[in-house]
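So you can see what is in the structure, the chains are spelled out below.
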Amino acid sequence: MAALLARPWTVLLLCLSGSLILVSVSATNNDKSPKLPSNFQLITTPKFGRRDVLITCVDDKKKQTCAATCPNRCRNKCVGICPSCKTYCLCDLFPGMACGDPRFTGADGNIFYFHGKKDQDFCILSDSDLHINAHFIGKHNPEKSRDFTWIQALGIIFGNNHRLYVGVEKTVTWDDDVDRIVITFDGECIEIPTETKAEWVPVTVPSLFITRTSDTNGIMVELRGIFTITANAVPITKEESEIHNYGVTPDDSLAHIDLSFKFHSLSEDVHGVLGQTYRPDYVNKLDVRKKMPLMTGAASYSSSSIFATDCTVSRFRGKTEIAMVTKKADN
């Protein structure tokens, strides 16, 4: 990569055996991003029954126990802050996240939405030797001028034009025990055993590791020294549809991926929907006071296909060999 762009936050979310674990969060003293208190718990609500979860807040003086409930738009997993027991969605707290009706958390810690258009591809990040597109699926909303959209797949181009595809197979009936993640590398389908920590490494790029973070529907992709991406395949449930008025019908196939990005080295010229927030000269011009700060200008980020690097803001040049880092770094 070109000049290293150091970010004040480092965060990595791993999903191990269906439970979310926060591995690390750090920030510099002059970081303006929201800071997560040290006394917190990550909450996974039961699939059935009551949504309230009993959590225990521990500090130097006393223990406090209270019942916490995840917000409606992240009903199954959230963060509980002690001792208030207030709860927040993961996507509202950590930079480099992309979840749901695409809601991004920029490198500056601010949340914004980018709706794009269904059945089209958009440049999420573009740098000199790394380009990431996202394929959007959606549901038309006749009451609004836009579609409801979700990210169904990533097309990652890096180094000497290597191409990695990570997506979700179309499915009408969702079963957590059935793996729906589809992976291809340089045009070849990749099969990884459906067991936690199962790993695949290509001979041609031994610095690329793809690891299952759960038996099904959860993976972590690491290109040593370049990026770490976690992807979790999730459906749109009937309950979510009713809460958000998505209008999902039984024959809709809207399985998508929630994503977490961590970039280890980016140039100062990086761009894209999310990528631009990592620029040292980035100025957030969105109205962060709004309930849904919206990044517009979809035409500037539009790509002709999942592996195209022809968006207006493209910075990709490629033709760079990836360093043969074969040992896993300590996270």
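This text goes with the structure placed above it.
So, here is what we can say about the structure in this document. Everything quoted here is computed from the prediction, not taken from an experiment.

Some remarks on the nonpolar core
Counting 52 residues, the largest nonpolar core has Ile132, Leu154 and Phe263 as its most contacted members. Excluding its chain neighbours within four sequence positions, the residues that come into contact with Leu154 are Ile132, Asn133, Ala134, Leu164, Tyr165, Val166, Ile229, Ile257, Leu259, Phe261 and Ile306. Core analysis: the next-biggest nonpolar cluster, separate from the first, contains six residues, Ala153, Ile157, Tyr165 and Ile306 among them.

Here we look at the packing of aromatic side chains
According to the stated counting rule, one finds nine aromatic pairs in the structure shown. Summarising the aromatic geometry, the rings of Phe114 and Phe122 are spaced 5.5 Å apart at their centres and angled 80° between planes, so their arrangement reads as edge-to-face. By the burial criterion, Phe114 is buried, and Phe122 matches it. Taken together, the ring pairs connect Phe114, Phe122, Phe136 and Tyr301 into an aromatic cluster.

What about the pattern of salt bridges?
Evaluated as defined, the whole model comprises six salt bridges. Between Arg315 and Asp269 there is a salt bridge, and its shortest N-O distance comes to 2.9 Å. Separated by 46 residues along the polypeptide, Arg315 in the segment after β22 (302–303) and Asp269 in the loop between β21 (256–263) and α2 (298–301) bring together distant segments of the chain. Looking at Arg315, the relative accessible area reads 25%, which means it is partly exposed. Residue Asp281 pairs with Arg279 through a salt bridge whose shortest N-O separation is 3.2 Å. With a relative accessible area of 16%, Arg279 lands in the buried category.

Rules and cut-offs
Residues numbered from 1 in each chain as written. Predicted model: local features only at pLDDT ≥ 70, side-chain atom pairs only at ≥ 80, totals over all residues. Heavy atoms only, no water. Core = buried A, V, L, I, M, F, W, Y, C linked by side-chain atoms within 4.5 Å. Buried < 20%, exposed > 50% of the residue type's maximum accessible area, 1.4 Å probe, protein only. Contact = heavy atoms within 4.5 Å. Phe/Tyr/Trp six-rings, centres within 6.5 Å; stacked < 30°, edge-to-face > 60°. Salt bridge = Lys/Arg side-chain N within 4 Å of Asp/Glu carboxyl O. Helix = DSSP H or I, 4+ residues; strand = E, 2+ residues; numbered from the N terminus.

The values reported here are purely geometric and, on their own, carry no functional implication.
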